[in-house]
Amino acid sequence: MATVTTPSFKGAETASKAPRGRQPQSTALVIFGAGGDLTKRLVVPALYHLVQADKLPNRLAIIGIDHRQQTSEQWRQDVTNMMQTLTPAGTLDAPAWSWLIDRMHYMPADFSQSETFRNLRELLVHQKERNGAANLLFYLAVGERSFGPIVEQLGHAGLTEQSEGAWRRVIIEKPFGHDLSSAMALNAQILRVLSEDQIYRIDHFLGKETVQNILVLRFANGIFEPLWNRDHIDHVQITAAETIGVEGRGRFYEQIGALRDMVPNHLFQLLAMIGMEPPISFDADAVRAKKSELLQAIHPISSENAIRGQYGAGVMLERKVPGYRHEPNVAPDSATETFVALKLGVDNWRWAGVPFYLRTGKRLSARTTEIAIQFRQAPYALFRDTPVERLPANILMLRIQPDEGLSVSFSAKRPGTEIEIDGVAMDFAYRDYFEPVATVGYETLIYDCLIGDATLFQRADTVEAAWRAVQGLIDVWARDATAEFHNYAAGSAGPTAADRLLARDGRAWLPISTDHSHTVIRPDIAAPVRLR
Ligand code: BG6
């Protein structure tokens, strides 16, 4: 069994929620799935960045558990090799890295066996005697089917009971269930062992700076909120376009598809941030209650308001790529969707009648995640022969990634003797104002969990509300896997049927592009509007 060699611990600490900005309390972090990609690519690099930012407790032990037989030394070497591939040559901060790996220990074990948890308890007791790290954080970086059993085993082994000065928390990765009933069953199973405030359900989109910035934008500025409603907003478009295919994840993706993979989690988090009512405080429960309310207000999605498609062969960055059905571990007649577009309605006073159009897909023409809030046209165009709808639209574009920032587009008079109106934009780019911060997107999430701030994690009711909103559509699509299935070429903007979803409402998607000038051009206008 591995031994833990962290320094001894001095003061007693409480299990209460700590304010941000505070150093987390001494902790033993146990990672289930220590040999997996998630741990190597995201969790360990995030911990390294937290060391650099001095955001980890001095008294920290990291215990990695996985099936593979290897020593602590081999595990450390393995993560070091990975870290070296993730950082430009020669830039690894050696003191920070050795601070981290000195605290990393590996325990080869089968986490389906109760013996593993007895051994783990002994290890943790032993380690607490040596260095006093009383708090325990369990990180479940494992497949969905292991979440419930691991939590149960932790409970049986007495590893989840909190006491004054000793908290117990569990981070659960995505996917949290694969439909409403599995999510409810998983919630019920883990809530028999843990209380809600011990559970940290991750949605890594909430770790993105620009996603967190949505609440600041809305609630720390006086100018947006008065316009943030059906009186002023025409519609909202949320796009998460990826250029990658399913990579090596064919087996997983075949069971999941784009709808379950991206919509009830990532896209709905964006939707909730945009649509929620102001919370009474930034306390975790106040924020999460408002998000849940928003998700509960989504109309059932009918199949007429949903488009699915699958990528065929195409060209990406001048390179030919195969269609989805030719990816490894994908059935040659697969009916799994790799693209989905939805029109959603939100049944509440603020949003009644304002459509939210969502789309996401793999192998699209550009990698971009953005939210476009399109405001209503001016009521009157000054000159009779210039229809209002030909004026450039006012769009507030939130660029989540890449090139994080936002822009506001509006009309301006072109210089000259004629009155000609053209679309222009004001742009804010993060990189122009702030030093870039090294991040893999998990730093804030891990730090928040260590200080007991659950604002950026999903509560049981939020997860269930999200699944409930898409469950009807999942059922309809499952009943007829091939009806209304629209293909698209890799490298394109998705199926043309997705364009019709908006065209029938007299609207159009903004182009999928990393060129931001598209926010100032209405799709149907090529030339400036002449008013006189
Ligand atoms: C994951 C999905 O949750 O999110 C992937 O399973 C997807 O299919 C990924 O590629 C997108 O996240 P990001 O941060 O790369 O936009």
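Summary of the structure given here. Here the structure is a predicted model, which is why all the values come from computation and not from measurement.

Further remarks concern the overall build of the protein. Helix and strand counts for the protein stand at 13 helices and 18 strands. Against the 2.2 N^0.38 benchmark of 24 Å for 532 residues, the protein shows a C-alpha radius of gyration of 25 Å, consistent with a compact globule. Across the 532 residues of the protein, 56% fall into the buried class. Accessible surface, the protein: about 23,200 Å² in total, of which carbon and sulfur atoms supply 53%. For the protein, the separation between the mean place of its 56 positive charges and that of its 62 negative charges on side chains is 1 Å.

Ranked by size, the top nonpolar core spans 146 residues in total, and within it Phe-32, Leu-120, Phe-138 and Phe-268 carry the most contacts. Per-element tally for this core: the top contributor is helix H8 (residues 250–275), with 12 residues. The residues contacting Phe-32, other than those within four sequence positions of it, are Ile-65, Phe-111, Phe-117, Leu-120, Phe-138, Tyr-139, Leu-140, Ala-141, Val-142, Ile-150 and Leu-154.

Attention now goes to the site of the ligand. Near the ligand the following residues occur: Lys-174, His-204, Phe-205, Lys-208, Glu-242, Arg-249, Asp-261, Met-262, His-266, Lys-362, Arg-367 and Gln-401. In this structure, His-204 approaches the ligand through a side-chain N or O atom, which is 2.8 Å from an oxygen atom. Between Lys-362 and the ligand, the recorded distance is 2.9 Å, taken from a side-chain N or O atom to an oxygen atom. When the ligand sits alone it has 400 Å² of accessible area, and the protein chains cover 81% of it. Top element by residues in the shell around the ligand is H8. It accounts for 3 residues. Considered class by class, the residues forming the shell around the ligand number 2 nonpolar, 3 polar and 7 charged.

Our focus in this paragraph is unusual backbone geometry. The omega torsion of the bond from Lys-174 to Pro-175 falls at 0 degrees, within 30 degrees of zero and hence cis. Geometrically, the link from Gln-401 to Pro-402 is a cis peptide bond, its omega value of -15 degrees lying close to zero. Mapped onto the elements of the fold, Pro-402 is located in the loop between strand S14 (395–401) and strand S15 (405–413). Backbone geometry at Glu-247 places phi at a positive 50 degrees, although glycine is not the residue there.

Enumeration over the complete set of coordinates arrives at 20 salt bridges. The salt bridge involving Glu-196 is made with Arg-201; its shortest N-O contact spans 2.8 Å. The partner of Asp-285 in a salt bridge is Arg-459, and the shortest N-O contact between them spans 2.8 Å. Remark: Arg-459 occurs in the loop between helix H11 (443–451) and helix H12 (460–479) and Asp-285 occurs in helix H9 (residues 284–296); sequence separation between them is 174 residues. The exposure class of Arg-459 is buried, given its relative accessible area of 14%.

Here we take up empty space enclosed by the protein. Using the criterion set out here, one finds 2 cavities of 30 Å³ or more in the structure. Each pocket or cavity is described by its volume, and for the largest cavity that value is around 190 Å³. Lining the largest cavity are 20 residues, with Lys-174, Pro-175, Phe-176, Asn-265 and Trp-467 positioned closest to its centre. Those elements giving two or more residues to the lining of the largest cavity turn out to be H8 and H12. Counted by class, the lining of the largest cavity contains 10 nonpolar, 4 polar and 6 charged residues. One number sums up the size of the second largest cavity: a volume of about 60 Å³. Lining the second largest cavity are Thr-210, Asn-213, Ile-214, Leu-217, Leu-398, Arg-399, Ile-400, Gly-405 and Leu-406. Broken down by secondary-structure element, the contributors of at least two residues to the lining of the second largest cavity are helix H7 (209–219), S14 and S15. If one sorts the elements of the lining of the second largest cavity by residue count, H7 sits on top with 4 residues.

Each pair of packed helices can be summarised by the angle the axes make with each other and by the distance between the axes. Taken N-terminus to C-terminus, the directions of helix H1 (residues 37–52) and helix H3 (residues 94–101) make an angle of 120 degrees; their axes are 9 Å apart at the nearest point. The angle between H1 and H3 falls in the class oblique. Two packed elements cross with a definite hand, and for H1 against H3 that hand is right-handed. Seen from H1, the contacting residues are Val-44, Leu-47, Tyr-48, Val-51 and Gln-52; seen from H3, they are Ala-96, Trp-97, Trp-99 and Leu-100. Residues that form the contact of H1 with H3 fall into these classes: 8 nonpolar, 1 polar and no charged.

Turning our eyes to something else, we now look at the side chain of Arg-201. Checked against the element boundaries, Arg-201 lands in strand S6 (residues 199–201). A relative accessible area of 1% places Arg-201 in the buried class. Within the structure, the side chain of Arg-201 is placed 2.9 Å from the side chain of Asn-187, a separation counted as a polar contact. Engagement of the side chain of Arg-201 in a polar contact is seen with the side chain of Glu-196, the distance being 2.8 Å.

Overall, the coordinates contain 17 aromatic pairs when judged by the stated rule. On the numbers, 5.8 Å between centres and 75 degrees between planes, the contact of Tyr-311 with Tyr-324 is edge-to-face. One end of the pair, Tyr-311, is in strand S8 (residues 306–312); the other, Tyr-324, is in the loop between strand S10 (319–321) and strand S11 (339–344), and 13 residues separate them in sequence. The class for Tyr-324 is buried, based on a relative accessible area of 0%. One aromatic cluster is present, formed by Tyr-253, Tyr-311, Tyr-324, Phe-339 and Tyr-488 through successive ring pairs. Geometry around Trp-99 places Arg-103 over its ring, the cationic atom sitting 3.6 Å from the centre. Over the aromatic face of Tyr-311 sits the side chain of Arg-363, whose NZ or CZ is 6.0 Å from the ring centroid.

Rules used throughout
- Residues numbered from 1 in each chain as written.
- Predicted model: local features only at pLDDT ≥ 70, side-chain atom pairs only at ≥ 80, totals over all residues.
- Heavy atoms only, no water.
- Helix = DSSP H or I, 4+ residues; strand = E, 2+ residues; numbered from the N terminus.
- Rg over C-alpha atoms; globule rule 2.2 N^0.38 Å.
- Buried < 20%, exposed > 50% of the residue type's maximum accessible area, 1.4 Å probe, protein only.
- Areas by Shrake-Rupley, 256 points an atom, 1.4 Å probe, with all protein chains shown as cover.
- Lys, Arg positive; Asp, Glu negative; His and termini not counted.
- Charge placed at Lys NZ, Arg CZ, Asp CG, Glu CD.
- Core = buried A, V, L, I, M, F, W, Y, C linked by side-chain atoms within 4.5 Å.
- Contact = heavy atoms within 4.5 Å.
- Near = heavy atom within 4 Å.
- Polar contact = N/O pair within 3.5 Å; in protein donor to acceptor, adjacent residues only side chain to side chain.
- Nonpolar A, V, L, I, M, F, W, Y, C, P; charged D, E, K, R; others polar.
- Salt bridge = Lys/Arg side-chain N within 4 Å of Asp/Glu carboxyl O.
- 1 Å grid on protein atoms, 1.4 Å probe; cavity = no way out; pocket = protein on both sides within 12 Å on 5 of 7 lines; lining within 4 Å.
- Points joined across faces, edges and corners; volume = space filled by probe spheres on them.
- Axes fitted to C-alpha atoms, helices over the stretch in contact; angles between N-to-C directions.
- Parallel < 35°, antiparallel > 145°, perpendicular 65-115°, else oblique.
- Left-handed = near helix turned anticlockwise from the far one by under 90°.
- Phe/Tyr/Trp six-rings, centres within 6.5 Å; stacked < 30°, edge-to-face > 60°.
- Lys NZ or Arg CZ within 6 Å of the ring centre and 35° of its normal.

Spatial relationships are all this shows, so hold off on functional conclusions.
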